[in-house]
Amino acid sequence: MKKLIAVLTALGILTTGIYMPNNYNSALVSITASAETSSEDFEFDAETGTITGYNGEGGEIVIPSEIDGVAVTAIGDRAFTQAFYPTNITIPDSVTSIGDYAFEDCVWLKSVIIPDSVTSIGNCAFNQCVGLNSITIPDSVTDMGSNVFLNIDYILIKGSKNSYAETYAYENDLRFVSVDTPYSFGDITGDGVIDATDASFILTSYAESSIDEDDGMTDEQRIFADVNKDYYVDATDASAVLTYYARTSIGYKKTFNEYLNEFVFEKTNPDRFFKAEIKTHEISKDSNGNEKLTIVFEFTNVFHDVMAVNGKPYNPNETWEKKITYDTDKCEDIIKNGGCINYAFYIMEMPFSGGLFFKLDENLDVVEYRGFLD
């Protein structure tokens, strides 16, 4: 106890903080408004108004509210399953339903904006979206299928109190916070500041709970105190908050969420997990005369603690291949920004998203490729 008091006293010396807006929430990603994604990137059933597929280059996707004059009213079953590199998706307010497995295996997906026109979300809609840590469910949603967030290690649902979303979260053992919560990850006191006071609060609560005393936190505070998202509130969380405060005090400019990703969730070099080589690289024409670029990467598993990749058992020293094909006239973005082959890893029972990054030159030759984890 004396050691605890000494630590708390040291924390108490740091009295000023870093101002954060009251509505700041590092778990919820805000998206700057942008133009609609080209309708050519979507497969669309005009008779039912349903998006049935996506063939675009990923990144930030803003689904159009209509295609060729027909309203988009539904995201169909498996419409975005294993879509190429979507990071943020905005659904238009013309959509009323999201189908089964609609976004399955979108491992790079960080945020989805669901409008208040949507009333139903299908079974396993976000299965294996391991990068999706938070989602806001509007009051309009009154039907959600089973296992909507299957194979996501940590998901925080945000919605209105006494809403269907809250009921669904509690019935399925998922974390829920109110859209009006004053708290955010790191800011446990809800004063818009991340500082030593927050760290002290977390550490005191941990100490009280460790001796079977009331930790003094509400359910929402407990959620946001678990900054490393391991489902425990302890000294590690307090240390992360205090370290962030100390860094910002000497000029560190990144947000708390960026700090967590950079330091707390720092990942091992993915080259430990697999080695990659180019097995085939060719340009050919299909039956319609369209020129296609085909690249086959050969992977060799090298890390013994990986349990699964994309849900399949991982066997050390096993070799496997991945073929990717592009229209040669649609490779400008890959030449400029690079392309990705995405995989969902389970390493020592912990989920990670990652894969292989590669770049092409103007001759469509692969000039760089390397593993990554996100």
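So, here's what we can say about the structure.

About the criteria used
- Residues numbered from 1 in each chain as written.
- Predicted model: local features only at pLDDT ≥ 70, side-chain atom pairs only at ≥ 80, totals over all residues.
- Heavy atoms only, no water.
- Pairing = 2+ DSSP bridges.
- Helix = DSSP H or I, 4+ residues; strand = E, 2+ residues; numbered from the N terminus.
- Axes fitted to C-alpha atoms, helices over the stretch in contact; angles between N-to-C directions.
- Contact = heavy atoms within 4.5 Å.
- Core = buried A, V, L, I, M, F, W, Y, C linked by side-chain atoms within 4.5 Å.
- Buried < 20%, exposed > 50% of the residue type's maximum accessible area, 1.4 Å probe, protein only.
- Salt bridge = Lys/Arg side-chain N within 4 Å of Asp/Glu carboxyl O.
- Phe/Tyr/Trp six-rings, centres within 6.5 Å; stacked < 30°, edge-to-face > 60°.
- Lys NZ or Arg CZ within 6 Å of the ring centre and 35° of its normal.

Now for the sheet that holds strand 15 (residues 175-178). Taken in spatial order, the three strands make up an open sheet running 12-14-15, and their pairing is parallel. Of all strands in the sheet, those with a lone pairing partner are strand 12 (134-136) and strand 15, marking the two edges. For this sheet the average axis-to-axis angle between neighbouring strands, irrespective of direction, equals 25°. The strands touched by helix 2 (residues 164-171) are strand 14 (156-159) and strand 15; relative to strand 15, the strand with the most contacts, the crossing angle is about 155°.

Membership of the largest hydrophobic core comes to 41 residues, with the highest contact counts inside it found for F80, F103, I121, F126 and F149. Breaking this core down by element, the ones donating at least two residues are strand 3 (50-54) and helix 2. At three residues, helix 2 tops the list of elements feeding residues into this core. The contacts of F103, once residues within four sequence positions are left out, are I75, F80, I89, I91, I98, A125, F126, N127 and C129. In terms of nonpolar packing, the next biggest core, distinct from the first, is built from 24 residues, L156, I194, M217 and Y244 among them.

This part covers the environment of D77. Secondary-structure assignment places D77 in the loop between strand 7 (74-75) and strand 8 (86-90). Each C-alpha atom of the pair D77 and E104 lies 9.6 Å from the other, and the pair is 27 residues apart in sequence. Setting aside residues no more than four positions away along its own chain, D77 makes contact with G99 and D100.

Counted under the stated rule, the structure contains eight salt bridges. Of the charged contacts in the structure, one is a salt bridge between R175 and D226, with a shortest N-O distance of 3.3 Å. With a gap of 51 residues between them, R175 in strand 15 and D226 in the loop between helix 4 (219-225) and helix 5 (235-249) connect regions that are remote in the sequence. The salt bridge partner of R222 is D219, with a shortest N-O separation of 3.0 Å. Placement of both R222 and D219 in helix 4 is noted, with a separation of three residues, approximately one turn of the helix.

A word on the pairing of strand 8. Extensive coverage of strand 8 is indicated by the burial of five of its five residues. Bridging between strand 8 and strand 10 (residues 111-113) involves three bridges; their strand directions are parallel. Opposite I89, over in strand 10, you have V112 as the bridge partner.

Quick look at the packing of aromatic side chains now. Following the criterion strictly, the structure yields 16 aromatic pairs and no others. Measuring from ring centre to ring centre gives 6.3 Å for F42 and F80, while their planes differ by 70°; the resulting arrangement is edge-to-face. With F42 in strand 2 (residues 42-45) and F80 in the loop between strand 7 and strand 8, this pair connects stretches of sequence that are 38 residues apart. Of the two residues, F42 and F80, both sit in the buried class. Linked through ring pairs, F42, Y54, F80, F103, F126 and F149 together constitute an aromatic cluster. Its guanidinium or amino end placed over the ring of Y101, R78 lies 4.2 Å from that ring's centre, counting from NZ or CZ.

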